[in-house]
Amino acid sequence: MKDCTGSECLSTTPLGDAAPPQRADSCGFNRRSFLRLAVLGSGALLVPCDLLEALEIPTASNAANPVLPASAALRPLAPGAVRADGWLAGWLGKQADGLGYHLPDTSWPFSAPYWQGQEVNGQSEEWWPWEQKAYWIDGATRLALVTGDERLLRRVQEPLEYTLAHQRPEGYLGPDVIRNPAGNFHRWPQTLFIRALAADADAIRSDAAQRDAIVEAVRKHYLGDLASYGVPIRNITNVEDMLWCYERTGDPRLLAMAETAWADYAALGGKEDGADLQADRVFANTPIDAHGVSYAEIAKQPAILYMYTGRLEYLNFALAAQKRIFDHHMLIDGIPSTSEHYSTVTALDSHETCDITDHTWSWGYMMMATGNGLWGDRVERACFNAGMGAIKKDWKGVQYFSCPNQFLATQTSDHNAMNLGHQMMSYQPNPGHATACCGGDVHRLFPNYVIRMWMRDTQGGLAAALYGPCRVNTTAGKDHHPIEIVETTDYPFDEQIHFTLDMRKPVEFPLSLRIPGWCAQPSLLLNGQAQPLPAAKNRFVTLARKFHPGDTVTLVLPMSTAVSRWPDNGAGLERGPLVYSLPIKEQWTPVIEPRWSTADFPSWNAEPASVWNYGLAVDPAKLADEVRFERKAMTPDPWVDPPVSLIAPAQIIESWKLATVPAKPDAAADAPQQHLTPPLPSADARRAAGPEQQVTLVPYGSTHLRLTIFPRLGGGTAGYADATG
Ligand SMILES: [Zn+2]
């Protein structure tokens, strides 16, 4: 860090300075002086600062030696410290009013009392309903904590309180059906459920007694468990929760348990669980031959271990494991081809919605471990494109598989090998039916985005890690002074992000702002005056200065249009963090399926009601001339009525039609064929394209049916961007 004591000095402060493991100091992070954020939220900023210094992730007050993840470059804030504003608040509000609250009213297994009494009524089946309900419990808990939705919070507190109240004497938390440590997946549901407990414990609204009760219950659960955590198949994912508990208790047995589990897992080499995490294959950067969720959830564990141990071999393994995803499997919308195994990147390759939630969850940890804003770029791209694009914009349905190219999404249009011709691409409350993971897991996606928008660095500073309209109430500086930063922006629909700082007195601290990799010419204003941009490190610039109450910082991130090439002569357009698609008008038909949907929350068939069979007639060398960007005033709901668009030259390919396959045996007699989204057309078909016309493209995330990977008609092979992140 540059020597900089002057109040107006701008300098860079490195994120990511590794340090050996250390105990928390006694002046704040581990103090039990913990106040509800309501104090700050009510505007009562005159609370003595020594009482507010622990407005961060808290620790169990009865633990003697809580620890910090000393090698983490960035640390998360407590759930509830960041509150969404603007379009982001509107989006979360729709989630909370829609399936966020009502999923248990619409579909099994969410309607059954898993984690809430099903344990004792003799109807426990296998592990999977426990997994699926736990996904929703975690997501809905986080949603309630970041929105302050009390009704939702009461609903999700019930399974949390039930499970804590029914902890077995030896410590076990969870259903009897998997208590005996045998068989695959037998501790995977606990990984997910304990995430919900962790969020609840860490939340700024929780009091010390609640927090201590949860932390101690989790410690007792792990220390009393006879299960092996290093064996196939997903038991190893509990390392994440073990280390969460280790941080808050300082109990060395938890760290030892986590490290032993990883050592045992590594000794097996990932050969027995199909996660393809053998070290020789990871470091050889081979394509991944594994299930998407298993790989995403397991591959991040060493990055978490690194944060608590400083052992670089953990971090290097995690980085190498991630590199394979981006080098071999990344789709244009920011999520790898995973339906459900990693696959190729053609226009028909898609992803399971769990892979959107779980990869972004993992990349958040990668950002904490490395301090590199690259991971923020990746989380934004995935959330704004793949994430938004898989969810019905009224938050009443979600896809199990979603794809950059999906010209229809019906109960019979799944074009993936898994369940070909079945319902998994239609928008439904529970799109997988009995395979109900995605319907639960999707609820974690945007609450986790909000929780991680701001993080704390190792210098008492704050980092804007993910952008969007929000406000953060936390502390900054050496004396942990309370501060509110209001982030006003229409990003990603606008290029300007305004930060307004509010605190009682001037505070000196480093404020780090992420500079996305797609932005060539960022600029910065301080109190309206242009400032030289500090040199970026790890895709962050840092203002290390004494900030005064009312100071404003404006970051301008100019976006430019880029075109990328894809297999089979495909091409796609993007601008900044947003991918653009031709929207296809939907003909919606509701379908009520007993057990899976209701009249209030039906499943939906969406069939194409507008022309979609266009090729893109763009010469990448003349992109600036041929593709026009248009912006109108910000709209109340930009994911329904987007304020930005691209106007691009296109030509109709007349012979490019929906694919057809023989109907399933149980199909209606008048439906002898099923329609599917087709692959890109042949060279002959493209040569017969019609006259050029202009088409309007909108952000991928605002569409339900879309053409994103276009048949490439334009001349030239130079000028294409790498869109793989
Ligand atoms: Zn899923």
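The preceding data block contains the structure.
Remember, it's a predicted structure, so these values are computed and weren't measured experimentally.

Rules used throughout
Residues numbered from 1 in each chain as written. Predicted model: local features only at pLDDT ≥ 70, side-chain atom pairs only at ≥ 80, totals over all residues. Heavy atoms only, no water. Core = buried A, V, L, I, M, F, W, Y, C linked by side-chain atoms within 4.5 Å. Buried < 20%, exposed > 50% of the residue type's maximum accessible area, 1.4 Å probe, protein only. Helix = DSSP H or I, 4+ residues; strand = E, 2+ residues; numbered from the N terminus. Pairing = 2+ DSSP bridges. Phe/Tyr/Trp six-rings, centres within 6.5 Å; stacked < 30°, edge-to-face > 60°. Axes fitted to C-alpha atoms, helices over the stretch in contact; angles between N-to-C directions. Donors = N, O, S within 2.8 Å, 3.2 Å for Na, K, Ca; no water. Tetrahedral: all angles 85-135°; square planar, octahedral: opposite > 155°, others 65-115°. Salt bridge = Lys/Arg side-chain N within 4 Å of Asp/Glu carboxyl O.

Remarks on the nonpolar core
In step 1: Among the nonpolar cores identified, the biggest contains 212 residues, and Leu277, Trp454, Phe499 and Leu513 are the most heavily contacted of them.
In step 2: Among the elements that take part in this core, helix H5 (residues 128-147) stands out by supplying 10 residues, more than any other.

Comments concerning the sheet that holds strand S1 (residues 75-76)
In step 1: Strand order in this open sheet of 5 strands is S1-S5-S6-S10-S13, and the pairing throughout is mixed. The open sheet is flanked by S1 and strand S13 (540-547), the only strands paired with a single partner.
In step 2: Relative to strand S5 (residues 454-456), S1 is paired through 2 bridges, and the arrangement is antiparallel. Looking across to S5, one finds that Pro76 is bridged to Met455.

Overview of the packing of aromatic side chains
In step 1: The full count for this structure, using the stated rule, is 35 aromatic pairs.
In step 2: Seen in terms of ring centroids, Trp91 and Trp395 are 5.6 Å apart; in terms of plane orientation they differ by 50°. Their pairing is tilted. With Trp91 in helix H3 (residues 86-97) and Trp395 in the loop between helix H16 (374-389) and strand S4 (401-402), this residue pair connects regions lying 304 residues apart in the sequence. Side by side, Trp91 and Trp395 carry an identical accessibility label, which is buried.
In step 3: Measuring from ring centre to ring centre gives 6.3 Å for Tyr135 and Trp188, while their planes differ by 80°; the resulting arrangement is edge-to-face. On the criterion of sequence distance, the pair formed by Tyr135 in helix H5 and Trp188 in helix H7 (residues 188-202) is long-range, its members being 53 residues apart.
In step 4: Tyr135 sits in the buried class, given a relative accessible area of 1%.

Section: the sheet that holds strand S14 (residues 552-556)
In step 1: Spatially, 7 strands are ordered S2-S7-S8-S9-S14-S11-S12 in an open sheet, and the strand pairing comes out antiparallel. Of all the strands in the sheet, just strand S2 (82-84) and strand S12 (529-531) have a single pairing partner and so form its edges. Neighbour to neighbour, the strand axes of the sheet diverge by 20° on average, direction disregarded.
In step 2: In this structure, strand S11 (residues 523-526) lies alongside S12, joined through 3 bridges in antiparallel fashion. Bridging from a neighbouring strand, Leu524 pairs with Gln531 of S12.

Quick word on the coordination of the zinc ion
In step 1: Binding of the zinc ion to the protein goes through Glu352 (OE), Cys354 (SG), Cys437 (SG) and Cys438 (SG), at separations of 2.1 to 2.3 Å.
In step 2: Here the zinc ion is ringed by 4 donor atoms whose angles at the metal span 95 to 123°, and the overall shape comes out tetrahedral.
In step 3: We note that the donor set of the zinc ion lies within a single chain, spaced as E-x1-C-x82-C-C. Placement of Glu352 in strand S3 (residues 351-352) and of Cys437 in helix H17 (residues 437-441) is noted, with a sequence separation of 85 residues between them. We note that Glu352, like Cys437, is buried.

Some thoughts on the pattern of salt bridges
In step 1: Scanning the model with the defined rule gives 39 salt bridges in all.
In step 2: Glu240 is the salt-bridge partner of Arg195, the closest N and O atoms lying 3.1 Å from each other. Of this pair, Arg195 sits in helix H7 while Glu240 sits in helix H9 (residues 239-249), and the two are 45 residues apart along the sequence. Across the pair, exposure class does not vary: Arg195 and Glu240 are buried alike.
In step 3: Overlapping salt bridges, with partners in common, bring together Asp138, Arg142, Asp358, Asp441 and Arg444 in one network.

Describing unusual backbone geometry
In step 1: With omega at 5°, the peptide bond leading from Trp108 into Pro109 counts as cis.
In step 2: With respect to the helices, strands and loops of the structure, Pro109 is situated in the loop between helix H4 (99-106) and H5.
In step 3: Residue Tyr491 is joined to Pro492 through a cis peptide bond whose omega torsion reads 10°.
In step 4: The phi dihedral of His433 is positive, around 55°, even though this residue is not glycine.
In step 5: With respect to the helices and strands, the residue His433 is situated in the loop between S4 and H17.

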